Amino acid sequence: MRESTSTTSMVIKAMAFAAEKHRNQRRKDADASPYINHPIALAHTLVNEGGIENPLVLCAAVLHDTIEDTETTADELKGCFGEKITSIVLEVTDDTSLPKHARKQLQIEHAPHISPEAKLVKLADKICNLRDIISSPPAGWPEARKREYFDWAEQVVAGIQGVNSRLEAVFYDLYKRKPEPLSW
Ligand code: NDP
Ligand code: ZN
């Protein structure tokens, strides 16, 4: 009881922190949904589709875009959430000083070597982004760009097999829904 209470309180604390950090950001869909919907979707997927209850993984999922996409620093995360959660977040954080193409290639190369906890967060991130591209895609993306994203995500996920078979199955079910090229 005590342990589950402290797990809940840690995850809620992470949600409050992420909500504050992402408060002025929006997703790229036509409705410009609040950004925080996305980190919450990762936690939802991990718990309800992957059966993951490890609070370190759930907190890292909720915080996964704070360093990459807000002014949050690793030291700030360490102070609030400790070393382990911070290290998971750092493992799934791209180096934004690199060009986009290099960042995407590095994700493919690094994915097999990250910790099991970071692999779970990365898998949930790709699941949630494929779902978003299917149901509320970035405004203005042609089908070819959506397909490109699906194929890149699959290359990343191919390198992180073996951490959670249920989530892997969810990913590959979504991957089957890759938008088809236009045929005449
Ligand atoms: P982006 O990285 O610019 O956008 C995808 C990211 O946006 C996701 O990973 C997700 O990141 C975030 N996101 C926010 N809202 C949504 C949403 N509604 N649905 C899904 N994701 C959302 O795009 P690309 O992955 O295409 O990366 C750019 C690459 O594309 C470059 O390498 C460039 O060369 C290429 N490019 C291709 C074009 C084309 O037409 N084919 C045109 C321009 C560039 P998070 O989880 O971090 O929020
Ligand atoms: Zn994300």
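Residues numbered from 1 in each chain as written. Chains lettered and ligands numbered in written order. Predicted model: local features only at pLDDT ≥ 70, side-chain atom pairs only at ≥ 80, totals over all residues. Heavy atoms only, no water.

So, the site of ligand 1
Item 1. The local shell around ligand 1 holds 20 residues, among which Arg-27, Lys-28, Tyr-35, Lys-104 and Tyr-149 are the closest.
Item 2. Here Lys-100 contributes a side-chain N or O atom positioned 2.8 Å from an oxygen atom of ligand 1.
Item 3. Separating an oxygen atom of ligand 1 from a side-chain N or O atom of Arg-145 is a distance of 3.0 Å.
Item 4. Considering ligand 1 on its own, with 910 Å² of exposed area, one finds that the protein chains cover 75% of that surface. (Near = heavy atom within 4 Å. Polar contact = N/O pair within 3.5 Å; in protein donor to acceptor, adjacent residues only side chain to side chain. Areas by Shrake-Rupley, 256 points an atom, 1.4 Å probe, with all protein chains shown as cover.)

Focus on the coordination of the zinc ion (ligand 2)
Item 1. Donor atoms from the polypeptide that coordinate the zinc ion (ligand 2) comprise His-38 (NE2), His-64 (NE2), Asp-65 (OD) and Asp-125 (OD), at 2.1 to 2.6 Å from the metal.
Item 2. For the zinc ion (ligand 2), the donor residues sit on a single chain with the sequence spacing H-x25-H-D-x59-D. Here His-38, found in helix H2 (residues 37-48), pairs with Asp-65, found in the loop between helix H3 (55-63) and helix H4 (66-69); they are 27 residues apart in sequence, far enough to count as distant. The same class applies to His-38 and to Asp-65, which are both buried. (Donors = N, O, S within 2.8 Å, 3.2 Å for Na, K, Ca; no water. Helix = DSSP H or I, 4+ residues; strand = E, 2+ residues; numbered from the N terminus. Buried < 20%, exposed > 50% of the residue type's maximum accessible area, 1.4 Å probe, protein only.)

Some remarks on the side chain of Glu-154
Item 1. Examined against the element boundaries, Glu-154 turns out to sit in helix H9 (residues 143-158).
Item 2. Despite its burial, Glu-154 pairs with no opposite charge; the closest candidate is Lys-178, at 8.2 Å N-O.
Item 3. Not counting residues within four places of it along the chain, the set of residues in contact with Glu-154 comprises Phe-171, Tyr-172 and Tyr-175. (Lys, Arg positive; Asp, Glu negative; His and termini not counted. Salt bridge = Lys/Arg side-chain N within 4 Å of Asp/Glu carboxyl O. Contact = heavy atoms within 4.5 Å.)

With respect to the pattern of salt bridges
Item 1. Under the defined criterion, the tally for this structure stands at eleven salt bridges.
Item 2. Among the salt bridges present, the one from Glu-76 reaches Lys-21, with a minimum N-O distance of 2.8 Å. Taken together, the residues span a long stretch of sequence, with Glu-76 in helix H5 (residues 74-81) and Lys-21 in helix H1 (residues 2-21) at a distance of 55 residues.
Item 3. Of the residues examined, Lys-21 reaches a relative accessible area of 14% and is grouped as buried.
Item 4. Put simply, Lys-84 and Glu-117 hold a salt bridge, and the shortest N to O gap is 3.6 Å.

Function-wise, these values are silent; they only describe arrangement.
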